[in-house]
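# Inside the fold
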Amino acid sequence: MIQAYSRALPLGIDGIVSFNSVVMDKGCADAIVGTSTIQLNKAGIYKIEFHAEALAVTAGTVAFAMSVNGVEKAQDTTSITGATTTSTVTVPIVTLVQVRNTECKCSCKTEPTTIQFENIGVATVSDVNVVVTKVC
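Note that this is a predicted model, so its numbers are computed, not measured. (Residues numbered from 1 in each chain as written. Predicted model: local features only at pLDDT ≥ 70, side-chain atom pairs only at ≥ 80, totals over all residues. Heavy atoms only, no water.)

### A short note on the environment of Ala63
Just so we agree on the cut-off: Strands are runs of DSSP state E lasting at least two residues, helices are runs of H or I lasting at least four, and both sets are numbered from the N terminus onward. Contacts: residue pairs with any heavy atoms within 4.5 Å of one another.
In this structure, Ala63 sits in strand S6 (residues 60–68). Sequence-wise, Ala63 and Val94 are 31 residues apart; in three dimensions their C-alpha atoms are separated by 14 Å. Setting aside residues up to four positions removed in sequence, Ala63 forms contacts with Thr78, Ser79, Glu118, Asn119, Ile120 and Gly121.

Quick look at the structure:
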């Protein structure tokens, strides 16, 4: 289980979200690699809960996307339209990721499954939080 966050994180458009503070990192099923990559090391189903409190640099759409192994997942992209430069908006992503036996660190044939979050909208400053829980 992992919980990590950043406060007042400066983000550029198309910037990868980094997590500067790790609150909890228990077990070996998952891990934070560097500050921006979450690695899923064992086969199973993982619940991913990501929340961003973001402020837009210009009025428009604040959006975040999650990628799995470098591939952005359409079902894991969330956007808030009509954001202003004076009020923060909450952008959540809650999803499940399946890691098969052939896609985990314990398999000699493959690399571990990795997850990253990217700012794909007009946000520039954000408070972010992520919780990763292996559910089965």
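### Some points on the sheet that holds S6
In plain terms, the rule: Strand pairing is assigned whenever DSSP identifies at least 2 bridges connecting the two strands. In this analysis, axes come from line fits to C-alpha atoms, helices being fitted only over the stretch in contact, and the angle between any two N-to-C directions falls in the range 0 to 180 degrees.
Ordered in space as S3-S4-S9-S6-S7, the five strands form an open sheet in which the pairing is antiparallel. The open sheet has two edge strands with one neighbour each: strand S3 (30–33) and strand S7 (71–83). On average, adjacent strands in this sheet sit at an angle of 20° to one another, irrespective of strand direction. Looking at chain direction, S3 and strand S4 (residues 37–40) are connected through four bridges and run antiparallel. Opposite Ala31, over in S4, you have Gln39 as the bridge partner.

### Re the environment of Val17
Using the following cut-off: Note on exposure labels: buried denotes an accessible area under 20% of the residue type's maximum, exposed denotes more than 50%, and partly exposed covers the range between, all computed with a 1.4 Å probe on protein chains only.
Positionally, Val17 belongs in the loop between strand S1 (2–10) and strand S2 (21–25). Relative accessible area serves as the criterion here: at 0%, Val17 is assigned to the buried category. Here the alpha-carbon distance between Val17 and Lys73, two residues 56 residues apart in the chain, equals 16 Å. When neighbours within four sequence positions are excluded, Val17 is seen to be in contact with Leu9, Leu11, Thr35, Ser36, Phe50, Phe64, Phe117, Glu118 and Val128.

### Some points on the packing of aromatic side chains
The line we're drawing: Ring pairs shown here join Phe, Tyr and Trp side chains whose ring centres sit within 6.5 Å, with only the six-membered ring taken for Trp; geometry is labelled stacked below 30 degrees between planes, edge-to-face above 60, and tilted in between.
Taken as a whole and judged by the stated rule, the model has four aromatic pairs. Their ring planes at 85° and their centres at 6.5 Å tell us that Phe19 and Phe50 sit as a pair that is edge-to-face. Here Phe50 lies in strand S5 (residues 44–56) and Phe19 lies in the loop between S1 and S2, a separation of 31 residues in the sequence. The same class applies to Phe19 as to Phe50, namely buried. Seen from their ring centres, Phe50 and Phe64 are 5.6 Å apart, and the 55° between their planes marks the pair as tilted. Of this pair, Phe50 sits in strand S5 while Phe64 sits in strand S6, and the two are 14 residues apart along the sequence. Ring-pair connections join several aromatic residues into one group, and the members of that group are Phe19, Phe50, Phe64 and Phe117.

### A word on the nonpolar core
Across soluble globular proteins, nonpolar side chains show a tendency to be buried alongside one another. The test is simple: Definition of nonpolar core: a set of buried residues of the types Ala, Val, Leu, Ile, Met, Phe, Trp, Tyr and Cys, connected through side-chain atoms within 4.5 Å.
Phe50, Val62, Phe64 and Phe117 are the most contacted members of the largest nonpolar core, which has 33 residues in total. Listed by contribution, the elements that provide at least two residues to this core are S1, S4, S5, S6, strand S8 (89–99), strand S9 (113–119) and strand S10 (123–134). By residue number, the principal contributor to this core is S5, which donates six residues. Every residue in contact with Phe117, bar those within four places of it in the chain, is listed here: Gly15, Ile16, Val17, Phe19, Ile38, Ile48, Phe50, Ala65, Met66, Ile93 and Val130.

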